[in-house]
Amino acid sequence: AYNQWEVLTTKLRLSEDFQSREYYMLTQRHLNRQDKSFEQVGLMVKFQIDCMHAFADGRPPPSPPLGLDLSAPPTAAGGPSAIAAADITAKPFKENEGLFESDVVQQEYGALCRDHQQLIKMGENYGTFDPLGKIAFLDQLEAVEERWDIFYGRCSLEGGLNPEFRDQCEAYLVSLGLP
C-alpha cells in the first residue's frame, strides 16, 4: 500500500495531464495549510502499515520514524482533512425556468461546454507543451473561465441559477481550504 501511495503521488506530480498536476498542487497547498507535506503523510501511511503488520504478527508496534509527529492531529490547523471534500449533487440551473428556451442561450451554452471539453482534452498533454504553449493554454483556460462567469452571471440575473448548486460549490471550495 505504501508503494501504491508513492506511485500515485509521483504520477500526479509528474503527469502530463493538467488536471492531475492541478489536483496534486491543490492537495499540496491544502497539506501546507495544515503544516503537513506529502512526505509526512507518506511516513504516516508507512508507519500505520508497519503497525498493522506488527499487530497481525503479535509483535509490539514499531517506533515511529524520525520526523513523524504523532501528537499532532491530522487537522492541526483547524481545517478539514485532506480527503474530506463536500459533494456537489445539485444541478447548476433551475429546472422548468425556460432559461434554455432561447436559441441564443442554447448555442452559447453548447459552445461553452464544447470549448471547455476541448481544453480538458488538450490539457491531457500539458506536460509536453513548451513554455509559450503552457502560457497560451492557461490564457485559453482563463478565457473560458471568464465566459463561464459571464454565463452564470446572466443566468443568475434571470433567476435561472440553482441556489443549492451555488451553496454546494461554495461548501466544496471551503472544504478544500479555498476562499
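To be clear, the structure that these remarks concern was listed above.
Just so we're clear, the structure is a prediction, and the values are computed from it rather than from any experiment. (Residues numbered from 1 in each chain as written. Predicted model: local features only at pLDDT ≥ 70, side-chain atom pairs only at ≥ 80, totals over all residues. Heavy atoms only, no water.)

J.: In this structure, what is going on with the overall build of the chain? I would like to understand it.
T.: Scanning the chain from N- to C-terminus turns up six helices and zero strands. When the elements of the chain are put in sequence order from the N terminus, they spell out α-α-α-α-α-α. Here the chain, with 179 residues, has 23% of them falling under the buried criterion. Excluding contacts between residues fewer than 6 apart, the proportion of contacts in the chain whose partners are at least 24 apart in sequence is 67%. (Helix = DSSP H or I, 4+ residues; strand = E, 2+ residues; numbered from the N terminus. Buried < 20%, exposed > 50% of the residue type's maximum accessible area, 1.4 Å probe, protein only. Contact = heavy atoms within 4.5 Å.)

J.: How should I be thinking about the environment of Pro65 in this particular structure?
T.: Examined against the element boundaries, Pro65 turns out to sit in the loop between α3 (38-56) and α4 (103-123). A residue is classified by how much of its surface remains accessible, and Pro65, at 28% relative accessible area, is partly exposed. Separated by 22 residues in sequence, Pro65 and Leu43 place their C-alpha atoms 7.2 Å apart. Filtering out sequence-adjacent residues up to four positions away, Pro65 remains in contact with Leu43 and Phe47.

J.: What is the right way to read the pattern of salt bridges from this model?
T.: Oppositely charged side chains may form a pair once their charged atoms are brought near each other. Here the structure, examined in full by the defined rule, presents five salt bridges. Across the salt bridge formed by Arg154 and Glu108, the nearest N and O atoms sit 3.0 Å from each other. Placement of the pair is Arg154 in helix α5 (residues 131-157) and Glu108 in helix α4, with a sequence separation of 46 residues. Judged by its relative accessible area of 45%, Arg154 is partly exposed. Relative accessible area serves as the criterion here: at 25%, Glu108 is assigned to the partly exposed category. The closest approach of N and O atoms between Glu124 and Lys121, which form a salt bridge, is 3.2 Å. Overall, the relative accessible area of 37% leaves Glu124 in the partly exposed class. Lys121 gets classed as exposed once you look at its relative accessible area, which sits at 52%. (Salt bridge = Lys/Arg side-chain N within 4 Å of Asp/Glu carboxyl O.)

J.: I tried to follow helix α6 (residues 163-175) on my own but got confused; where do I start?
T.: Each full turn of the α-helix corresponds to 3.6 residues, which orients residues three or four apart in the same direction. Between its first and last C-alpha atoms α6 spans 18 Å; for 13 residues at 1.5 Å apiece the expected length is 18 Å, and the two agree. Within α6, burial applies to Phe165, Gln168 and Ser175. Along the axis of α6, the buried residues cluster in a sector spanning 90 degrees; they form a single face. Turning to α6, the residues buried within the fold contact α2 (18-33) and α5. Gly177 sits one or two residues past α6 and shows a positive phi near 80 degrees. (Expected span 1.5 Å × (residues − 1). Arc of directions from axis to C-beta.)

J.: What should I look at first to understand unusual backbone geometry in this one?
T.: With glycine set apart, most residues show a phi of negative sign, and most peptide bonds adopt trans. With phi around 55 degrees, Asp35 is a residue other than glycine that occupies positive phi space. Locating Asp35 in the fold gives a position in the loop between α2 and α3. In this structure Asp35 comes out as exposed when scored by relative accessible area, which is 64%.

J.: Which parts of the structure should I look at to understand the side chain of Asn162?
T.: Within the element layout of this structure, Asn162 appears in the loop between α5 and α6. A distance of 3.0 Å separates a polar side-chain atom of Asn162 from the backbone nitrogen of Glu164. With residues up to four places along the chain from it excluded, the contact list for Asn162 reads Ala90, Lys91, Pro92, Phe93 and Lys94. (Polar contact = N/O pair within 3.5 Å; in protein donor to acceptor, adjacent residues only side chain to side chain.)

J.: What is the right way to look at the nonpolar core in this model?
T.: Side chains of nonpolar character tend, in soluble globular proteins, to be buried together. Phe93, Phe137 and Phe151 are the most contacted members of the largest nonpolar core, which has 14 residues in total. Going through the elements one at a time, α4 and α5 are the ones with two or more residues in this core. Element by element, the count of residues in this core is highest for α5, at five residues. If near-sequence neighbours (up to four positions away) are discounted, Phe137 is found in contact with Phe18, Leu119, Met122, Gly123, Tyr126 and Phe129. (Core = buried A, V, L, I, M, F, W, Y, C linked by side-chain atoms within 4.5 Å.)

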